[in-house]
Amino acid sequence: MKVLFYGRLAESIATEVEVDALPGSSVAQLRDRLIAIYPQAEQPLRNVRSRACVGDTLVHDDYVPEVAETVEFLPPVSGG
Amino acid sequence: MVAILEDQRLDPQRELGELLAETGGDGAVVSFVGIARPESSVGADVEELLLEHHPVLTLKSLEDIAVEAAERFGISRVRVVHRCGRVPAGEPIVFAGAASKHRRAAFNAADYLMDRLKTEAVFWKRESGSAGSAWIEPTEADYADRDRWG
């Protein structure tokens, strides 16, 4: 599964990675998998203001992305 | 309503001119210009800001805030222009303008626009200076300013 990152998450992980995620994994499970692989990014990934996005739409933790979908993790926005 | 994500230097006078040119029958225009400060919140020098943005959600956030300001205050025109990319200290970073029949609605709309933009516009900002660089996020005061609108 392709995963994109922005801001401080991109800086601590990468702008884009491929992650082996089990079919049927939710966004919350994908986040846990990412934290296991990239423990340095745990704080911004778990921040309550961080969001996940699929197809340019914000999704909740229980959303189950298709394997072919790209999931974007957005750290807390800075505002303008 | 106009919302623009600008990757080149922002010209506030031009943006104000565009807003004034759109007004017809309005009696008030209020505008705000935000400038990249040369000093961080802890007093370190800042040479430039990097405003990273999302290819879709950033402009959508600007558009949503502009529309909601217009609806909330019943104003006739809103113009929001926001920089992205690298912005040297001292350069304009945002223009927010509102036009309405009467001044109070225009003042309130401009104030509301900036409180929402400061906390909800989809940007990730990093300050860079001689001491290094750091990602920055809204302050508790910024959230309190936004929350006073309910």
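Quick caveat, the model's predicted, so the values are computed rather than measured.

## Observations regarding helix 2 (residues 27–37) of chain A
All names here are of chain A. Burial in helix 2 covers these residues: Val-27, Leu-30, Arg-31, Leu-34 and Ile-35. Buried residues of helix 2 fall within an arc of 140° about the axis and therefore sit on the same side. Taken together, the buried residues of helix 2 touch strand 1 (2–5), helix 3 (42–46), strand 3 (51–54), strand 4 (57–59) and strand 5 (70–74).

## Notes on empty space enclosed by the protein
Overall, the coordinates contain one cavity of 30 Å³ or more when judged by the stated rule. What lines the largest cavity is A:Arg8, A:Pro75, A:Pro76, A:Ser78, B:Trp124, B:Trp135, B:Ile136 and B:Glu137. In the lining of the largest cavity, the residues fall into five nonpolar, one polar and two charged.

## Some points on the sheet that holds strand 6 (residues 92–100) of chain B
All names here are of chain B. Strand order in the open sheet formed by four strands is 1-4-6-2, and the pairing between neighbours is mixed. Each edge of the open sheet carries a strand with a single partner, namely strand 1 (2–6) and strand 2 (28–35). Ignoring which end each strand starts from, the neighbouring axes of this sheet average 10° apart. Taken together, the eight bridges between strand 2 and strand 6 define a ladder with antiparallel strand orientation. In the sheet register, Ser-31 faces strand 6, and the bridge partner there is Gly-97.

## A few points about the pattern of salt bridges
All names here are of chain B. Throughout the structure, instances matching the rule amount to 19 salt bridges over all chains. As a salt-bridge pair, Arg-148 and Asp-111 come within 3.0 Å of each other at their nearest N and O atoms. With a gap of 37 residues between them, Arg-148 in the segment after helix 4 (140–147) and Asp-111 in helix 3 (residues 103–120) connect regions that are remote in the sequence. Looking at Asp-111, the relative accessible area reads 32%, which means it is partly exposed. With its nearest N and O atoms 3.1 Å apart, the salt bridge here joins Arg-146 to Asp-147. By relative accessible area, which is 22% here, Arg-146 ends up partly exposed. Put simply, Glu-68, Arg-116, Glu-120, Arg-146 and Asp-147 are held in one network by salt bridges that share partners.

## Regarding the interface of chain A and chain B
With 16 residues of chain A at the contact, the number on the chain B side is 22 residues. Considering only the side of chain A, the residues that lose the most area to chain B are A:Val77, A:Ser78 and A:Gly80, jointly responsible for 36% of the buried surface there. Across the pair A:Arg8 and B:Glu137 runs a salt bridge, and its minimum N-O distance is 3.2 Å. For the interface between chain A and chain B, the tally reads 14 residue pairs in polar contact (both at pLDDT 80 or more). Those elements giving two or more residues to the side of chain A that touches chain B turn out to be helix 1 (7–12) and strand 5 of chain A. Here the side of chain A that touches chain B takes three residues from helix 1 of chain A, the largest share from any one element. Taken together, the residues of the side of chain A that touches chain B break down into seven nonpolar, four polar and five charged.

The rules we used
Residues numbered from 1 in each chain as written. Chains lettered and ligands numbered in written order. Predicted model: local features only at pLDDT ≥ 70, side-chain atom pairs only at ≥ 80, totals over all residues. Heavy atoms only, no water. Buried < 20%, exposed > 50% of the residue type's maximum accessible area, 1.4 Å probe, protein only. Helix = DSSP H or I, 4+ residues; strand = E, 2+ residues; numbered from the N terminus. Arc of directions from axis to C-beta. Contact = heavy atoms within 4.5 Å. 1 Å grid on protein atoms, 1.4 Å probe; cavity = no way out; pocket = protein on both sides within 12 Å on 5 of 7 lines; lining within 4 Å. Points joined across faces, edges and corners; volume = space filled by probe spheres on them. Nonpolar A, V, L, I, M, F, W, Y, C, P; charged D, E, K, R; others polar. Pairing = 2+ DSSP bridges. Axes fitted to C-alpha atoms, helices over the stretch in contact; angles between N-to-C directions. Salt bridge = Lys/Arg side-chain N within 4 Å of Asp/Glu carboxyl O. Buried area = accessible area lost by both parts, 1.4 Å probe. Polar contact = N/O pair within 3.5 Å; in protein donor to acceptor, adjacent residues only side chain to side chain.

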